[in-house]
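# Structural overview for review
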There are 2 protein chains.
Amino acid sequence: MTGHATIAESLREEGYRLTPQRMMILAIIYDSEGHLSAEEIHQRVRQQYPFVDISTVYRTLNLLKKLRFITETDLGDECVRYELVDKGRHHHLICRQCGASFALEHELLAPLAPRLLEKYGFAADLDHFAIFGLCQQCRPEGPALAAKKGQQHGDA
Amino acid sequence: MTGHATIAESLREEGYRLTPQRMMILAIIYDSEGHLSAEEIHQRVRQQYPFVDISTVYRTLNLLKKLRFITETDLGDECVRYELVDKGRHHHLICRQCGASFALEHELLAPLAPRLLEKYGFAADLDHFAIFGLCQQCRPEGPALAAKKGQQHGDA
DNA sequence: GAGGTAATTGCAACTTCTTGCACAAATGAC
DNA sequence: GTCATTTGTGCAAGAAGTTGCAATTACCTC
Ligand SMILES: [Mn+2]
Ligand SMILES: [Mn+2]
Ligand SMILES: [Zn+2]
Ligand SMILES: [Zn+2]
């Protein structure tokens, strides 16, 4: 059984209906390599089935998010992006200055979960974080501490 | 010098102009106890100065966010909320089931920063996180259930 | 204080995402 | 397959947040 069929089965077991729209959206998320926007998903769906509305895409994504099959993350882009939880837990470090993005392995965040559980009785999801900050290049005390103080307003 | 005057001074030193709109927004953020929405700020500004546009509020909030005087956080509410960084660093645990919110002291997240710096050369902001998950009441193995069973096990 | 200049504002249009509602269709029972 | 139930969809309107632009104004120099 392929990945998206497994999720589809879970959906049905939970009492949700398996519509062509949902199946297409699931297949698209499965076939792609992570971080799709709703608009990208909508465009791919419409290639097969041109009358699907963007609101259906959003409703499906919100359903899959609620059931924790996908994550919804603001990666500092202009829109929120969606990714399968199932393809390996990981996070992202994103430079607020240059926009560079680095994968953060889950192992560094993982110890947090038992601590939150012990101290607060809280079972944290820790599915897919975007942590903002300054990358090595952009840090004031960075490696190439050469160029400095050239900052202006209104940069992109 | 009061708090918002200190930030105002910093703004001017960075070359930004001190408009009445900016001063009012700063004062409102300073006078309130955290987690204001843009709409709330807008309403309070208009009580003093009725022609201020909501876009000016957003532009000011984005400026203060860029300069790291305030944080912008999605607390699971219907809109994003803003809070002063300066009033003590902290985070929030939010139950995705019942919506309950618990303060998380910064000390639990703080050890992450040096690890990210060491391993990735990344200086993470770690200013104000909202961590979603299940609270003690909503967990499948919550305290009530454990009490019924007469069990108590520290999970780690 | 007046004048020049560039940042900032208000407005309107726009983007992203959500929601109410009538109709369509997935599902289960027969 | 048909029927009944009840969920899901498309559409249009709405809410939250952004942006282009012309007019205003903060701030610097005199
Ligand atoms: Mn990812
Ligand atoms: Mn807070
Ligand atoms: Zn960078
Ligand atoms: Zn809860």
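Before reading on, note that the structure itself is shown above.
What counts, and at which threshold
- Residues numbered from 1 in each chain as written.
- Chains lettered and ligands numbered in written order.
- Predicted model: local features only at pLDDT ≥ 70, side-chain atom pairs only at ≥ 80, totals over all residues.
- Heavy atoms only, no water.
- Phe/Tyr/Trp six-rings, centres within 6.5 Å; stacked < 30°, edge-to-face > 60°.
- Helix = DSSP H or I, 4+ residues; strand = E, 2+ residues; numbered from the N terminus.
- Buried < 20%, exposed > 50% of the residue type's maximum accessible area, 1.4 Å probe, protein only.
- Donors = N, O, S within 2.8 Å, 3.2 Å for Na, K, Ca; no water.
- Tetrahedral: all angles 85-135°; square planar, octahedral: opposite > 155°, others 65-115°.
- Least-squares fit on C-alpha atoms with pLDDT ≥ 70 in both.
- Contact = heavy atoms within 4.5 Å.
- Near = heavy atom within 4 Å.
- Polar contact = N/O pair within 3.5 Å; in protein donor to acceptor, adjacent residues only side chain to side chain.
- Nonpolar A, V, L, I, M, F, W, Y, C, P; charged D, E, K, R; others polar.
- Buried area = accessible area lost by both parts, 1.4 Å probe.
- Salt bridge = Lys/Arg side-chain N within 4 Å of Asp/Glu carboxyl O.

### Let's talk about the packing of aromatic side chains
- Counting across every chain of the model gives three aromatic pairs over all chains.
- Geometrically, the ring pair formed by F122 of chain A and F102 of chain B is edge-to-face, given 6.5 Å between the ring centres and 65° between the ring planes. A residue pair is termed interchain when its members come from two chains, as with F122 of chain A in the loop between α6 (112-120) and β6 (123-124) and F102 of chain B in strand β5 (residues 101-105).
- A relative accessible area of 1% places F122 of chain A in the buried class.
- Given a relative accessible area of 33%, F102 of chain B falls into the partly exposed group.

### Structural notes on the coordination of the zinc ion (ligand 4)
- Binding of the zinc ion (ligand 4) to the protein goes through C95 of chain B (SG), C98 of chain B (SG), C135 of chain B (SG) and C138 of chain B (SG), at separations of 2.3 to 2.4 Å.
- The site at the zinc ion (ligand 4) holds four donor atoms, and with the angles between them running 105 to 114°, its shape is tetrahedral.

### Some words on the relation of the copies chain B and chain A
- If you rotate chain B by 180° and push it 0.0 Å along the axis, it lands on chain A with an RMSD of 0.1 Å. Taken together, these values place the two copies in the relation of a two-fold axis.
- By residue overlap, the copies meet face to face through one surface: 84% of the interface positions of chain B are interface positions in chain A.

### Concerning the protein's contact with DNA strand C
- In the neighbourhood of DNA strand C, 20 residues make up the surrounding shell, with Y58 of chain A together with T19, R22, T56 and R59 of chain B lying closest.
- Near the protein, meaning within 4 Å, the atoms of DNA strand C are sugar or phosphate in a fraction of 66%, with bases accounting for the rest.
- A distance of 2.9 Å separates a base nitrogen of DNA strand C from a polar side-chain atom of R17 of chain A.
- With respect to DNA strand C, the backbone of D53 of chain B contributes an N or O atom lying 3.2 Å from a phosphate oxygen.
- Elements with a contribution of two residues or more to the surface near DNA strand C: α4 (54-66) of chain A together with α2 (20-31) and α4 (54-66) of chain B.
- Looking at the surface near DNA strand C element by element, the count peaks at four residues for α4 of chain A.
- Taken together, the residues of the surface near DNA strand C break down into eight nonpolar, six polar and six charged.

### Regarding the interface of chain B and chain A
- With 38 residues of chain B in contact, the opposing surface of chain A contributes 35 residues.
- With both sides pooled, the region where chain B packs onto chain A buries about 2,900 Å², and carbon together with sulfur makes up 62% of that total.
- A per-residue breakdown of the area chain B buries against chain A is headed by L108, Y120 and F122 of chain B, which together make up 22% of the total.
- The partner of R96 of chain A in a salt bridge is D125 of chain B, with the nearest N and O atoms 2.8 Å apart.
- Linking chain B to chain A there are 12 residue pairs in polar contact (both at pLDDT 80 or more).
- Contributing elements (two or more residues each) for the side of chain B that touches chain A: β4 (90-95), β5, α5 (112-120), β6 (123-124) and β7 (130-134) of chain B.
- Counting residues per element, the side of chain B that touches chain A draws most heavily on α5 of chain B, at six residues.
- Across the side of chain B that touches chain A, the residue classes break down as 24 nonpolar, four polar and 10 charged.

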